[in-house]
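Tertiary structure, described
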Amino acid sequence: MRKYIYIIVSAWLMTACQETLEERCAREAREYSQKNCPAPIAKGVTIDSMSFDIATHTLIYSYTLNGAVDDSMVINKSNPRNLMLQQLKNATAMKPYKDAGYNFQYIYYSTKDKGKKLFEATFQEKDYR
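As the structure is a computational prediction, the values presented were derived from the model and not from experiment.

Turning to helix 2 (residues 21-36), a few remarks are in order. Between its first and last C-alpha, helix 2 extends 22 Å over 16 residues, near the 22 Å set by a 1.5 Å rise per residue. For helix 2, every residue scored as buried is listed here: C25, A26, A29 and S33. Down the axis of helix 2, the buried side of the element spans an arc of 95°, and every buried residue falls inside it. Set apart from the buried face of helix 2 by more than 90 degrees, the exposed residues are Q34 and K35. As for helix 2, its buried residues are in contact with strand 2 (45-53), strand 3 (58-65) and helix 5 (95-99).

Put into structure tokens, the structure is as follows:
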């Protein structure tokens with residue numbers, strides 16, 4: 001009898017310790033932001049944070065632009081939405097989240113006009129499939 005109780009309790013503990021994909025995504029985004037942000041990722045582009053909205057299943061990337069790219073006219077002229085979508089489609093690291101049908105949101109803010117949103121794009125499953 002003691003053996004069966006041990007097996008049941010062990011099985012319960014193993015399943016209780018498992019995190020859902022949503023919890024994993026939120027944890028990984030939070031840990032990435034705490035360890036790596038802010039960090040320059042390209043000339044004039046700094047990633048400020050990464051977060052996950054469990055309610056909408058949206059992975060959110062927030063960036064700050066500076067220098068020559070910190071200009072809404074430059075951004076609109078370069079049409080970054082198509083490039084970002086291609087990069088998302090090719091991102092193998094995002095496979096578990098794409099397979100789950102998560103949304104991906106990218107927000108770019110200005111450094112010179114503190115808090116001004118220069119560009120925002122959200123991709124849903126229908127966009128990257």
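Let us keep going from here.
All right, on to the side chain of T58 then. Looking at the element boundaries, T58 is found in strand 3. You can call T58 buried: its relative accessible area is 7%. In contact with T58, other than residues within four places in its own chain, are S51, F52, D53, N103 and Q105.

All buried positions along helix 4 (residues 80-90) are accounted for by P80, M84, L85 and L88. In an axial view of helix 4, the angular spread of the buried residues amounts to 135°, which keeps them on one side of the axis. Exposed and facing more than 90 degrees away from the buried side of helix 4 are L83 and N90. Structurally, helix 4 contributes buried residues whose contacts are with helix 3 (72-78), helix 5, strand 4 (103-110), strand 5 (117-123) and helix 6 (125-128).

Which parts of space are left empty comes out when a probe the size of a water molecule is rolled across the atoms. Each pocket or cavity is described by its volume, and for the largest pocket that value is around 510 Å³. Considering the residues around the largest pocket, the lining is formed by 22 residues, among which P80, L83, M84, Q87 and Y108 are closest to the centre. For the lining of the largest pocket, the elements supplying multiple residues, two or more each, are strand 1 (39-42), strand 3, helix 3, helix 4 and strand 4. Here the lining of the largest pocket takes 5 residues from helix 4, the largest share from any one element. By residue class, the composition of the lining of the largest pocket is 19 nonpolar, 3 polar and no charged.

A separate point is the confidence of the model for the protein. For the protein, per-residue confidence averages 89 on the pLDDT scale, and residues scoring 70 or more make up 87% of the total. Under a pLDDT of 50 for its full length, residues 9-13 has, in the predicted model, 0 contacts with residues more than four places off or in other chains.

Moving on to the nonpolar core. Core analysis: the biggest nonpolar cluster contains 28 residues, and L59, Y61, F104, Y106 and Y108 have the highest contact counts within it. Only helix 2, strand 2, strand 3, helix 4, strand 4 and strand 5 provide two or more residues apiece to this core. Other than its neighbours up to four places away in sequence, L59 contacts C25, A29, M50, S51, F52, M94, N103, F104 and Q105.

About the cut-offs
- Residues numbered from 1 in each chain as written.
- Predicted model: local features only at pLDDT ≥ 70, side-chain atom pairs only at ≥ 80, totals over all residues.
- Heavy atoms only, no water.
- Helix = DSSP H or I, 4+ residues; strand = E, 2+ residues; numbered from the N terminus.
- Expected span 1.5 Å × (residues − 1).
- Buried < 20%, exposed > 50% of the residue type's maximum accessible area, 1.4 Å probe, protein only.
- Arc of directions from axis to C-beta.
- Contact = heavy atoms within 4.5 Å.
- 1 Å grid on protein atoms, 1.4 Å probe; cavity = no way out; pocket = protein on both sides within 12 Å on 5 of 7 lines; lining within 4 Å.
- Points joined across faces, edges and corners; volume = space filled by probe spheres on them.
- Nonpolar A, V, L, I, M, F, W, Y, C, P; charged D, E, K, R; others polar.
- pLDDT = per-residue confidence, 0-100.
- Core = buried A, V, L, I, M, F, W, Y, C linked by side-chain atoms within 4.5 Å.

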